[in-house]
Amino acid sequence: MGSSSSRMDHIPNAEQLMQETGFSAAHILRLYARFEFLDKDERGELRPEDFGALRGLAMNPIGDRIIGAFFSRGKETVDFPSFVRVLANFRPTETNTIRDGGQSFSRTRKLKFAFKLYDQDRDGKISREELLQVLRSMLEQQVTEEQLQSIAERAIQEADLDQDDAISFEEFKKSLERVNIDEKMSSHFLR
Amino acid sequence: MPSRRDSHSPAGKSLLERGLLLLIVLVLLQGSVLPLGAASSPDTSHNDNLDNHQVTDERNNYTKKPFPVLALDYHHIQTPFEIALWVLLASLMKLGFHLIPRLSGIVPESCLLITVGLLVGGLIKLAGEDVPPVLDSRLFFLCLLPPIILDAGYFLPIRPFMENLGTILMFAVVGTLWNAFFIGGLLYAVCQIQPANPSILHNIELLPCLLFGSIISAVDPVAVLAVFEEIHINELLHILVFGESLLNDAVTVVLYHLFEEYSGAGKVTVMDGFLGIISFLVVALGGILVGAIYGILAAFTSRFTSHVRVIEPLFVFVYSYMAYLSAEMFHLSGIMALIACGATMRPYVEANISHKSHTTIKYFLKMWSSVSETLIFIFLGVATVDGPHSWNWTFVTVTVILCLVSRVIGVVGLTYVINKFRIVKLTTKDQFIIAYGGLRGAIAFSLGFLLDKNLFPMREMFLTAIITVVFFTVFVQGMTIKPLVELLAVKKKQEAKRTINEEIHTQFLDHLLTGIEDICGHYGHHHWKDKLNRFNKKYVKKCLIAGERSKEPQLIAFYHKMEFKQAIEQVESGGGVKMPSAVPSTVSMQNIQPKKAPAPAKPAEKAPSQLPKGREEEIRKILRSNLQRTRMRLRSYNRHTLVADPFEDGFGDLLIKKQKMIELEKKIKDMNNYLTVPAAPPDSPTMCRARLASDPQAFRTKPESDSVPTIQVDLASPQSPDSVNVMDEFRRAGQEQRGEEREDEQGLMMRPPSRPHRSGEAADGKDPQKLTRCLSDPGPSADEEEDEPFLP
């Protein structure tokens, strides 16, 4: 890996990133290559338009939310470390026992990430309006407003245990306890 | 797989009944067996008489016989009678086992059935008759096997299957190959040992050994189904073993034909091996292609069946069977064709057909596959008693040991490789269950039976060994797997249903992962799934699904189904509303009751007993609109003398009464603003009217008391949609937009002519099929399959 180490020098804080996220050197390189590919203007950082250029993402119903997740609050650009950190959420977990749905650090972390995508205003709860927005974007134009309302109503009723008409993170986690999050939120590519 | 059994009946007079059953069965058997031997004589005498008649006629000199008032002509009906008798025997046996609950708890049904087969075979032999060649390969492959496979394929849980497809293929293809060669090779080696005392084993060459290996190495879907069904293991393991048993058919077919072809020649060249590989691809992919084509055809046909609902199930069965036969015609893998056909057609057919057809298909498939399976095991027993046996200690014991050993090594080795690629790894416990679940069954036996005696002089020895292995796996492994599963605390199947939250979030996560994969530039699993879904939504669904259903997003469909199920549960348990005592609380909906015993607890849990008023309103509307749809469906039954389910009608009446009462109460209080799901565009009003007019069994509502507003529909002149009055309350509640929908919804509104306003109107019809489905769905707890959307 002689040549790669010289390439690694281009990448700022590579060692630290590897430590933090658990990616291997090869991965970091691959992600850097992808970063550079997305960064068409060679600015060293990505802007929403760079993400928007991806066709698949444009067609994705929640594409804009995903893009938004990369940009931390207030910032308009994404540098490479942030890029990697966000993607690190999708690494498959190492241990086998997670399959039983046991509470583990990484499972919670993944769920937190997903929760943030729902909870756009970052108030720690998924309100009815936020849920409606998600449903609207997922179901596109195929349903009427009343149907959406019903579904949102139903979903909140099911999940909302403390009757505050919104879904908190704990309730969110509980409603997904039977789903194998590690499997659903992991990508092979990022192993 | 959903259980095909009902709950056990109390063991009160079970022994007596059991004894009685056995007695009846024995008598029937004896009755059938004896005439078998005597069959020939009446026939010939009959012929002789005829000849005599003809001859003497010519001579114009016949003796007039007294006219036979009562005659016995067994030969005339012999074959169908025997078939019916066997089926009856199988079914009675199945009944009998459940009269002894303790027994069926310990011993899996397959074992009991084989034992019965042995008994029956023994009886027949004792009676001195020839045992009929029941496990004739043609009968087996053409009649007994397809229903089981179709049942499996139609209800195959697509999502876990696709997610684990790589693993399943590895086990099926590589695992079976490994088994075949390992067993065949080592057997040959073992046969060559002992040069000191030459035995018949020496004559066996390599190729027959390999052939034997390939026959015995395939995991059998029938046996796996029979055993795994009872142990309720978690979905992953179930689909792995079951999927493997289905997909290894292609490998078995190719290997079998390859070795059989060349056993005569005595050697196989590299070229042949190469051709074998190509043949494998052809067999597998060709089978799937044939199945998919027939599946698409069936889906397309079902699009047009809205007028002749009664024969809808027939299309499903006939197309599938033809797929199987067509594949067999080309020596492709019939099993894979059948699976592909069932899995392909299912999402589209289910969207098109009526609810009753859906139930019919489900029940027929379960019934046939159940009978088939029972028969197969019984016949295995009979054939064991009958078959020419040639017992050779060395051969048989070595075979059994080798089967076990090769299975274990195969599974462990493959898992090691597979785990490198899996996100959710297979643990040691999993590996053990997979290895232990590798049961052999009747397919192996039938394949052995097919061998030509001339080419394979040691056929009998093979058959004996095969039967031994089958018995060993079914009895020993089948009986012990349940305690082992308990002992090892293997994760069991999750019985609970999906909630709407899970559904929403799962879809959300799917989109999320697809997006992430796009960002990474990696075309992974999610990407292709997403692409396929889009393609499906855009093109395929439009072609194959009739009417408006083609545009229905799967979340909505799921939601409708859930809502309705909950509505039913609410009504069943009396709901959160205090009902006047006129409505009996024991609404015995026989359809849903047996499996929903825990259900009344569930609504309390799922939706708090203090339901908001809006919810009840919603439920009422759903129920009411469903009633209308149910009524309309009745038409097809009348025409073909299928009597409409009296319970449905009775239930309908009950519902109407309940609704009246709820309305009354509601009227007094203020109505909340509620939310419901409006209708999909309905059938045209004319059609609705026509249906109702011709349906004498529809509206039988009777007024209970004067205070209860009644529905009186004059059949001769059903109300036209224009006479719909939108409720004032609606306007008050500010649902103006709904007003327009009222007009063109449901052709027929159930309104009491006397009352100018009523609450909670009309056909807020939801999707008819999903609603009716839930209402009269008597399914055994098979609802898991219904919850699986297409490529979710």
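What counts as what
Residues numbered from 1 in each chain as written. Chains lettered and ligands numbered in written order. Predicted model: local features only at pLDDT ≥ 70, side-chain atom pairs only at ≥ 80, totals over all residues. Heavy atoms only, no water. UniProt positions renumbered as here; feature names shortened; annotations may be inferred. Helix = DSSP H or I, 4+ residues; strand = E, 2+ residues; numbered from the N terminus. Contact = heavy atoms within 4.5 Å. Expected span 1.5 Å × (residues − 1). Patch = residues over 30% accessible without salt bridge, like charges linked within 9 Å, V, L, I, M, F, W, Y side chains within 5 Å. Areas by Shrake-Rupley, 256 points an atom, 1.4 Å probe, with all protein chains shown as cover. Salt bridge = Lys/Arg side-chain N within 4 Å of Asp/Glu carboxyl O. Lys, Arg positive; Asp, Glu negative; His and termini not counted. Charge placed at Lys NZ, Arg CZ, Asp CG, Glu CD. Axes fitted to C-alpha atoms, helices over the stretch in contact; angles between N-to-C directions. Parallel < 35°, antiparallel > 145°, perpendicular 65-115°, else oblique. Left-handed = near helix turned anticlockwise from the far one by under 90°. Nonpolar A, V, L, I, M, F, W, Y, C, P; charged D, E, K, R; others polar. Buried < 20%, exposed > 50% of the residue type's maximum accessible area, 1.4 Å probe, protein only. Arc of directions from axis to C-beta. Phe/Tyr/Trp six-rings, centres within 6.5 Å; stacked < 30°, edge-to-face > 60°. Core = buried A, V, L, I, M, F, W, Y, C linked by side-chain atoms within 4.5 Å. pLDDT = per-residue confidence, 0-100.

The name recorded for chain B in an unreviewed UniProt entry is Sodium/hydrogen exchanger, from Eleginops maclovinus. In UniProt, chain B has this text filed under Subcellular location (unreviewed entry): "Basolateral cell membrane".

Taking an unreviewed UniProt entry as the reference, chain A is identified by name as EF-hand domain-containing protein belonging to Eleginops maclovinus. Its UniProt record gives chain A the following Sequence similarities (unreviewed entry) comment, quoted word for word: "Belongs to the calcineurin regulatory subunit family. CHP subfamily."

Here we look at the overall build of chain A
Check the secondary structure of chain A and you find twelve helices and four strands. Considering only intrachain contacts with a sequence separation of at least 6, the fraction spanning at least 24 residues in chain A is 58%.

Brief notes about helix α5 (residues 109-126) of chain B
End to end, α5 of chain B covers 25 Å across 18 residues, agreeing with the expected 26 Å (1.5 Å per residue, within 8%). Within two residues after α5 of chain B, glycine 128 of chain B carries a phi angle of roughly 90 degrees, on the positive side.

Quick notes on a positive patch on the surface
Taken together, the side chains of Arg73, Lys112, Lys116 and Arg122 of chain A present a region of like positive charge at the surface. For arginine 73 of chain A, the location among the structural elements is in the loop between α6 (63-70) and β2 (78-79).

Let's talk about the packing of helix α10 (residues 221-231) of chain B against helix α19 (residues 459-487) of chain B
Geometrically, a packed helix pair is captured by the angle between its two axes and the distance between the axes. Residue and element names in this part refer to chain B. Taken N-terminus to C-terminus, the directions of α10 and α19 make an angle of 30 degrees; their axes are 10 Å apart at the nearest point. When the axes of α10 and α19 are compared, the pair comes out roughly parallel. Viewed along their axes, α10 and α19 form a crossing whose handedness is right-handed. Residues Val227, Phe228, Glu230 and Ile231 of α10 form the contact with α19, whose own contacting residues are Gly478, Ile481, Lys482 and Val485. When its residues are assigned to classes, the contact of α10 with α19 shows five nonpolar, one polar and two charged.

Focus: the UniProt feature "domain: EF-hand" (unreviewed entry) in chain A
Sequence positions flagged by UniProt for "domain: EF-hand" (unreviewed entry) are, in local numbering, residues 106-141 and 147-182 of chain A. Within residues 147-182 of chain A, the helical portion is 61% and the strand portion 8%, while the C-alpha atoms at the span's ends are 31 Å from each other.

A word on helix α2 (residues 14-21) of chain A
Residues and elements named next belong to chain A. Listing the buried residues of α2 in full gives Ala14, Leu17, Met18 and Thr21. Buried residues of α2, seen end-on, are gathered within an arc of 100 degrees and therefore sit on one face of the element. In this structure, α2 carries Glu15 and Gln19 as exposed residues pointing more than 90 degrees from its buried face.

A closer look at the packing of helix α16 (residues 393-418) of chain B against α19 of chain B
Residues and elements named next belong to chain B. Their axes nearest at 9 Å, the elements α16 and α19 cross at an angle of 45 degrees. In terms of axis orientation, α16 runs oblique to α19. In the crossing of α16 with α19, the sense of the turn from one axis to the other is right-handed. Contacts from Phe395, Val396, Thr399, Val400, Cys403 and Leu404 in α16 reach Met461, Phe462, Ala465, Thr468, Val469, Phe472 and Gln477 in α19. For the contact of α16 with α19, the per-class residue count stands at ten nonpolar, three polar and no charged.

Observations concerning the environment of leucine 144 of chain B
Looking at where leucine 144 of chain B falls in the secondary structure, it is placed in helix α6 (residues 137-154). When neighbours within four sequence positions are excluded, leucine 144 of chain B is seen to be in contact with Leu139, Ser372, Leu375, Ile376 and Phe379 of chain B.

Here's the deal with the packing of aromatic side chains
Here a ring pair, both rings aromatic, is described through the centre-centre distance and the interplanar angle of the planes. Per the stated rule, a full pass over the model turns up 29 aromatic pairs over all chains. Ring centres of tyrosine 154 of chain B and phenylalanine 155 of chain B lie 5.2 Å apart, and the angle between their planes is 90 degrees; this geometry places the pair in the edge-to-face category. The class of tyrosine 154 of chain B is buried, set by a relative accessible area of 2%. Plain terms: the ring middles of tryptophan 178 of chain B and phenylalanine 182 of chain B are 4.9 Å apart, the flat faces sit at 25 degrees to each other, and that makes the pair stacked. Taken together, the residues tryptophan 178 of chain B and phenylalanine 182 of chain B, both in helix α8 (residues 165-192) and four residues apart, mark about one turn of the helix. By relative accessible area, tryptophan 178 of chain B is classed as partly exposed at 34%. Of the aromatic side chains, those joined through ring pairs into one cluster are Phe115, Tyr118, Phe169 and Phe172 of chain A together with Phe508 of chain B.

Looking at the nonpolar core
Within the largest apolar cluster, 144 residues are counted, with the highest numbers of intra-cluster contacts made by Trp86, Phe140, Leu145, Phe228 and Phe395 of chain B. Take this core: its biggest share by element is 15 residues, from helix α11 (residues 235-265) of chain B. The next biggest cluster of nonpolar side chains, apart from the first, holds 68 residues, and it includes Ile67, Phe172 and Leu190 of chain A together with Met562 of chain B.

Examining the confidence of the model for chain B
All names here are of chain B. Per-residue confidence for chain B gives a mean pLDDT of 71, with 62% of residues at or over 70. No element of chain B has a lower mean pLDDT than helix α23 (residues 601-606), at 40, and none a higher one than helix α13 (residues 312-329), at 92. Counted against residues more than four places away or in other chains, residues 630-652, with its pLDDT under 50, gives 48 contacts. If you check the scores for this complex, the pTM reads 0.68 and the ipTM reads 0.89.

Some thoughts on unusual backbone geometry
Residues and elements named next belong to chain A. Phi angles above zero are rare outside glycine, and arginine 122 is one such case at about 55 degrees. Locating arginine 122 in the fold gives a position in the loop between α8 (105-118) and β3 (125-127). Look at arginine 122 and you get partly exposed, because its relative accessible area is 36%. Unusually for a residue other than glycine, glutamine 163 sits at a positive phi of about 55 degrees. Within the fold, glutamine 163 resides in the loop between α10 (145-159) and β4 (166-168). In this structure glutamine 163 comes out as exposed when scored by relative accessible area, which is 62%.

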